[in-house]
Amino acid sequence: MSALSRFEQFMEQMVEGSVARLFRSAIQPVEIARRLERAMESQQTISVSRVIVPSFYKAYLHPQDFGAFQPVQAQLEQEMASYLSELAQERNFAMLEHPRVVLAEDQAVPRYSIQVVAEMATSQSAETTQIISGVGPASQRRTHALLLLQSPHGPQPIEIQSTGVSLGRGLDNDIILEDARVSRHHVQLRYRQRRFWLLDLESTNGTFVNGERVAEKELRDGDIISLGGLELTFRDA
């Protein structure tokens, strides 16, 4: 049984007592579940080894629409979180922690509308020491430059797809390196004067190019970049 089918089956069982109000509401629980699903799909962090999707979701409703869900709010939030967890497994997505869903009212939300905010995690404690790398949405794409990430399984190529790329542990970076030696915002790669330049962002463990600590450095093909000890090779074909 699919995640959606199981959720719909759960809703069919909630038809007694005050729960019946849900089925007279202009907004149905399945509609909220679908909006949560779209938020998950649209906010992916693509990595070499996995696809990370948000773990924390907040669905806002107009107070008059929200009122119908209050009697069973806790049950619905729990069931929707389970739905997202199963959906992520079905689609081979990764989450940094078990998903959490919160239903809330907001006067600014129009009647019969649903507004969803999704975040990667509810706290910074979800970070791991696994090394991953990823590239977020890109503009002004250049595909002939790349970084080779040195890993226990050999070099992993990461294309540089923009003229401005950030690297670090934080999930808001273009290239994510979940390693304890790397700062949340470690370095930036900037393309100017027909070359890529590496700019250290006051990282804790420093940035090195070919063994020399740098604050800013023009990169050349074959340069070895060390981010606090995590090594990448810059290639510019």
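Residues numbered from 1 in each chain as written. Predicted model: local features only at pLDDT ≥ 70, side-chain atom pairs only at ≥ 80, totals over all residues. Heavy atoms only, no water.

Colleague: It is not clear to me how the sheet that holds strand E5 (residues 100-105) should be interpreted in this structure. Could you clarify?
Modeller: Through backbone hydrogen bonds, the strands of a sheet pair up, either in parallel or in antiparallel fashion. Reading across the sheet, the three strands line up as E5-E3-E6 and stay open at both edges, with mixed pairing between neighbours. Taken across any chain shown, the strands that pair with only one partner, and hence form the sheet edges, are E5 and strand E6 (115-119). The sheet shows a mean angle of 20° between the axes of neighbouring strands, direction not considered. Looking at chain direction, strand E3 (residues 56-61) and E5 are connected through six bridges and run parallel. Looking at E5, one finds that Tyr 57 is bridged to Val 101. Contacts from helix H2 (residues 29-42) reach E3, E5 and E6 within the one sheet, and its direction differs from that of E3 by about 135°. Relative to E5, helix H4 (residues 73-90) is tilted by about 140°, and along the sheet it contacts E3 and E5. (Pairing = 2+ DSSP bridges. Helix = DSSP H or I, 4+ residues; strand = E, 2+ residues; numbered from the N terminus. Axes fitted to C-alpha atoms, helices over the stretch in contact; angles between N-to-C directions. Contact = heavy atoms within 4.5 Å.)

Colleague: Teacher, can you tell me more about the sheet that holds strand E15 (residues 216-218) here?
Modeller: Ordered by their spatial adjacency, five strands build an open sheet running E10-E9-E11-E12-E15, and the pairing between neighbours is mixed. Taken across any chain shown, the strands that pair with only one partner, and hence form the sheet edges, are strand E10 (175-176) and E15. Of the strand pairs in this sheet, strand E9 (residues 164-168) and E10 are connected by two bridges, and their pairing is parallel. Across the sheet, the residue bridging to Gly 168 is Ile 176, located in E10.

Colleague: Quick question: what am I supposed to make of the pattern of salt bridges here?
Modeller: By the definition in use, this model includes nine salt bridges. Across the pair Arg 91 and Glu 41 runs a salt bridge, and its minimum N-O distance is 2.1 Å. Residue Arg 91 is located in the loop between H4 and strand E4 (93-94), and its partner Glu 41 is located in helix H2; the two are separated by 50 residues in the primary sequence. Given a relative accessible area of 30%, Arg 91 falls into the partly exposed group. Glu 41 gets classed as partly exposed once you look at its relative accessible area, which sits at 29%. (Salt bridge = Lys/Arg side-chain N within 4 Å of Asp/Glu carboxyl O. Buried < 20%, exposed > 50% of the residue type's maximum accessible area, 1.4 Å probe, protein only.)

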